[in-house]
Amino acid sequence: MLLRRTLPLSHRHATVRHHSSAAAKPLSKIPHKYRAKAVQQAQEALTDYLHTVKTVPYTFAENISKYSTISLSTFISKLKYSSKTFPNSLQKFFRYHPVNEFELFYESIGINVSELDLVLPTRKFFLSEDRCTFNVACTLYGFGIPWNKLGVLYREEKAIFDKDISELKEIWNKYLKLGFTRSSLVGICLVFPRVLNGGSEVEVMVNDLKRIVVDFNLVDDVDAEVDAWIDLCRKIKLFYDLGCEKNDVCDMIGRSKSLIVGYSEVVLSEKVDYFCSFDVSKDEVLSLLLSGPKLIDFDLDFINRVFCVTGLLTHFGMDAQRLNLITKNYPYVFGKNQLVNLPHVMRALNLNQWFFDNLKHEGHHLLKSYPFIDNDQDDDKDFAESLVGIQSSRVCAYMLSKLQFLHSIGFGENGLTIKVLKHLHGTSNELSSRFYCLIHNGIEFSKLCKIISLSPKILNQQTKLLEKKLKFLCNETGFSLDCLDVFPAYLCFDLEKRIKPRYRFHTWLMETGLCEKEYSLASIIATSERTFIARVNRIHPAAPKKYLEMFLSQDHDSFKKLNVVVT
C-alpha cells in the first residue's frame, strides 16, 4: 500500500507517453550485439517479478513478458547498460521502480502500443487492482486461444472481458457438445468473437457454423492447428461480409468444399474484389462464384496480360453495328489496357452489366479462350509516339503515374488519352481522390469518364471545392447531376466569384419579373463577363451597375436590395 501511494497519476501518464517519440529507439543506448540478450534478460526478470513478487501464475507471467517487448524495451532503456551488472540492475529496477503492469498486459494480448491510451484503466497501475479483465484473459487462454491473439476479442467484443468466468465456461462447453473441436472453436471465436457473448442472437450463426464445420466434416480437411482454422473461418466470413445468406454459404460448401478448403483467403479475396469492381450487385458476384468455381482458377495475371478493347468485346459476342456505335460514343476507352483494369474499362463504356452477364453465362471459358495480345500488338500510333516523348522527359515517372491512373479508370492507349493527360495536374493519388470524390457524390462512372474526356481540368481541383460545387448545383439551382452531361465545364468555373453571384443575380431578375426569359445554366455561367453585362444591361439599364457593386457579395438577400433602385 505504501508503494502504491508513492505513484501519482502523473507517473502513469509519463509511462503512456513513452510510446510516442520518446520510444522511437528505446534500445539505442545498448550496443547492437547485446540487444537481443538484453531483451531476453529483461523478459526473464519481468517473469520472475510478476510470478514471485506479484504472485501471477508462471504461465501467464511468462506470456506477458514474451509478448510485450515494445513496452518492456522502453522500460529497460532507463537503465545504464553493462553486460556484467545488467541482470542485477533489472531485478532491482522491477522491485523498486514498479512498471505499469496494464501496459505490459494489454500489449501482450495483442493491443497495439499506439492504442494503449484508449484501453488503460484510469488511476490503476497493478493487475491486482482490476483482476476481471486479466482473469477472463486467463480463462480464454485455458480454452486454447493464443495469448497474443486475445486482443482481437478485446477490440471487437470488449463485453466478453466483463463476463463472469463461470458463464464463459458454460458457453464454451455448450459449443464443444455441438461437435466442434477445440481448435475449430478457437478459430471461430477469433473470427466471429460475438459467439462468446452467447444468447439467442448468436444461436443462428453458431448453428450455421456447426453445419459447415461439423456436419460437412471439415475437420478431416483442415489441419488441427489453430491458424488453419482461423484462415478457414476468415474465408467463410469473406462470403458473409459480401452479403451472402448463411444458408447459401452452407450450400456452397456442401456442393464444393474445395472452394473454401482449396483456396487461400488472399486468392478468394482477390477474386471477390475483382468481380465486385464491375459494380454489380453482391448477389450476382456470389452467384458467379458459386455457379462457376473454376473461374477462381483463372489466372488474372494483372501485370503481364494486356487486351484490346475492340477484340474483347467482339470475343464476348458484340455485333459490329453496336460496336461501331460504342466506339463513336467512347473513343477514349478504346485501344489496349491491362486485365487488372477490365472492370473499370467496362464501367467506362457503361457495359459492366452486359459483360458480367456474359461472363456469368459462359464462366471462365470466354476469358480463358481470349488471345491476350503481346505488348507490341495493336499499338495506337499517336499514343506510341507520345509515350516515347514521355519516357524521355525529365518528369517521366510523374507523367507515367498519371497515365496509369487514366488507364485504371478505363482510358485506353490512344491519342485522346494523351490529350487528357496533358491537362491534368496533381499526383496520381490526388487525381484518384478527386475522381472517386465525384463518384461518391453521385456522378455515374461512365458519365464522369466522358466529362473528363471533354473537360479534364475538372480533376485539377481539390475535393472539398468539387463537393461544394456539386452541393450548390443540386441544392440551390435545382438542377440534377445530369446537367453535367451537356455542361461539364460547370465544375471548372469559380464557385464564389462566378457561379454563385451570376446564378443568384439571374434568379433575382426572374423573381422580380425584370427578366422573362430563363437562361440555361451554361448561358448564365459560361458567357464572358462582357457578354453577361451587356445582357443584363438590355434587361434593365441600372442592373449592371448594381451587379458590379455587389459582385463580391454572396448573400442572396443583398440582391433583393436591387428591387429598391431598379424598379
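Since this is a predicted model, take the numbers as computed values, not measurements.

**A word on the overall build of the chain**
Tallying secondary structure elements over the chain gives 35 helices and 2 strands in all. Looking at the 567 residues of the chain, the share that counts as buried comes to 47%. Pairs at least 24 residues apart make up 71% of the contacts formed inside the chain by residues separated by at least 6 positions. With the model as given, the accessible surface of the chain reaches about 28000 Å², and the carbon-plus-sulfur share is 50%.

**Description of the packing of aromatic side chains**
Under the criterion given, the structure shown has 30 aromatic pairs. Relative to Y106, the ring of F102 lies with its centre 6.4 Å away and its plane at 25°, an arrangement referred to as stacked. Here Y106 and F102 lie together in helix α7 (residues 101-108), a separation of 4 residues that amounts to about one turn. Taken as a pair, F102 and Y106 share a single burial class, namely buried. Within the aromatic cluster, the residues linked to one another by ring pairs are F60, F102, F105, Y106, F134, Y141, W147, Y154 and F161. Its guanidinium or amino end placed over the ring of Y330, K450 lies 4.8 Å from that ring's centre, counting from NZ or CZ. Over the ring of F532 we find R502, and its NZ or CZ is 4.4 Å from the ring centre.

**What to know about the packing of helix α24 (residues 381-391) against helix α26 (residues 415-423)**
Contact geometry for α24 and α26: axes closest at 8 Å, N-to-C directions at 40°. Side by side, α24 and α26 meet where D382, F383, S386 and I390 of the first sit next to G415, I418 and L421 of the second. The residue makeup of the contact of α24 with α26, split by class, is 4 nonpolar, 2 polar and 1 charged.

**Here we look at the nonpolar core**
Counting 181 residues, the largest nonpolar core has L140 and L349 as its most contacted members. When residues of this core are assigned to their parent elements, the largest contribution, 9 residues, is made by helix α14 (residues 226-241).

**Looking at helix α32 (residues 529-539)**
Within α32, burial applies to F532, I533, R535 and V536. Summarising the axial view, the buried residues of α32 lie within an arc of 160°, below the 170-degree limit, and thus occupy one face. Among the exposed residues of α32, those pointing more than 90 degrees away from its buried face are R530 and R538.

**Focus on the confidence of the model for the chain**
For the chain, the average pLDDT comes to 84, and 88% of its residues sit at 70 or higher. The weakest mean pLDDT in the chain belongs to helix α1 (residues 2-5) at 35; the strongest belongs to helix α21 (residues 342-348) at 97. In this model, residues 1-24 is a region of pLDDT below 50 whose contacts with residues beyond four sequence positions or in other chains number 30 contacts. Overall, residues 554-567 carries pLDDT values under 50, and its contacts beyond four positions in sequence, including any with other chains, amount to 29 contacts.

**Brief notes about helix α29 (residues 463-475)**
In a regular helix each residue adds 1.5 Å, so 13 residues correspond to 18 Å; α29 covers 18 Å between its end C-alpha atoms and thus fits that length. Residues L466, K469, L470, F472 and L473 constitute the buried set of α29. Within α29, the buried residues cover an arc of 160° as seen down the axis, which keeps them to one side. Turned more than 90 degrees from where α29 packs its buried face, K464, K468, K471 and N475 sit exposed. Tucked inside the fold, the buried residues of α29 contact α27 (428-440), α30 (495-512) and α31 (521-525).

**Focus on the packing of helix α3 (residues 32-53) against helix α6 (residues 86-96)**
Two elements in contact, α3 and α6, have axes separated by 9 Å at closest approach and are oriented at 40°. Taken together, α3 and α6 sit at an angle that is classed as oblique. For the element pair α3 and α6, the recorded crossing hand is right-handed. Together, A38, Q41, A42, A45, L46, D48, Y49, T52 and V53 of α3 and F86, P87, L90, Q91, F94 and R95 of α6 make up the contact between the two elements. Among the residues making up the contact of α3 with α6, the classes are represented as 10 nonpolar, 3 polar and 2 charged.

**Topic: unusual backbone geometry**
Most peptide bonds take the trans form, and the phi angle of most residues other than glycine is negative. Of note in this structure, R123 is not a glycine but carries a positive phi near 60°. Looking at the secondary structure, you find R123 in the loop between α8 (116-119) and α9 (131-143). With a relative accessible area of 63%, R123 lands in the exposed category. Of note, D279 is a non-glycine position whose phi angle comes to about 60°, a positive value.

**A look at the pattern of salt bridges**
A full pass over the atoms with the stated rule returns 16 salt bridges. A salt bridge links K210 to D215, with the shortest nitrogen-to-oxygen separation between them at 3.2 Å. Taking the relative accessible area as the measure of exposure, D215 reaches 48% and is therefore partly exposed. Its salt-bridge partner being R504, residue E476 comes within 2.7 Å of it at the nearest N-O pair. You can see E476 sitting in the loop between α29 and α30 and its partner R504 sitting in helix α30, a full 28 residues away along the chain. Overall, E476 belongs to the partly exposed group, its relative accessible area being 33%. In this structure, a network of salt bridges that share partners links the residues K447, D482 and D485.

Rules used throughout
Residues numbered from 1 in each chain as written. Predicted model: local features only at pLDDT ≥ 70, side-chain atom pairs only at ≥ 80, totals over all residues. Heavy atoms only, no water. Helix = DSSP H or I, 4+ residues; strand = E, 2+ residues; numbered from the N terminus. Buried < 20%, exposed > 50% of the residue type's maximum accessible area, 1.4 Å probe, protein only. Contact = heavy atoms within 4.5 Å. Areas by Shrake-Rupley, 256 points an atom, 1.4 Å probe, with all protein chains shown as cover. Phe/Tyr/Trp six-rings, centres within 6.5 Å; stacked < 30°, edge-to-face > 60°. Lys NZ or Arg CZ within 6 Å of the ring centre and 35° of its normal. Axes fitted to C-alpha atoms, helices over the stretch in contact; angles between N-to-C directions. Nonpolar A, V, L, I, M, F, W, Y, C, P; charged D, E, K, R; others polar. Core = buried A, V, L, I, M, F, W, Y, C linked by side-chain atoms within 4.5 Å. Arc of directions from axis to C-beta. pLDDT = per-residue confidence, 0-100. Expected span 1.5 Å × (residues − 1). Parallel < 35°, antiparallel > 145°, perpendicular 65-115°, else oblique. Left-handed = near helix turned anticlockwise from the far one by under 90°. Salt bridge = Lys/Arg side-chain N within 4 Å of Asp/Glu carboxyl O.

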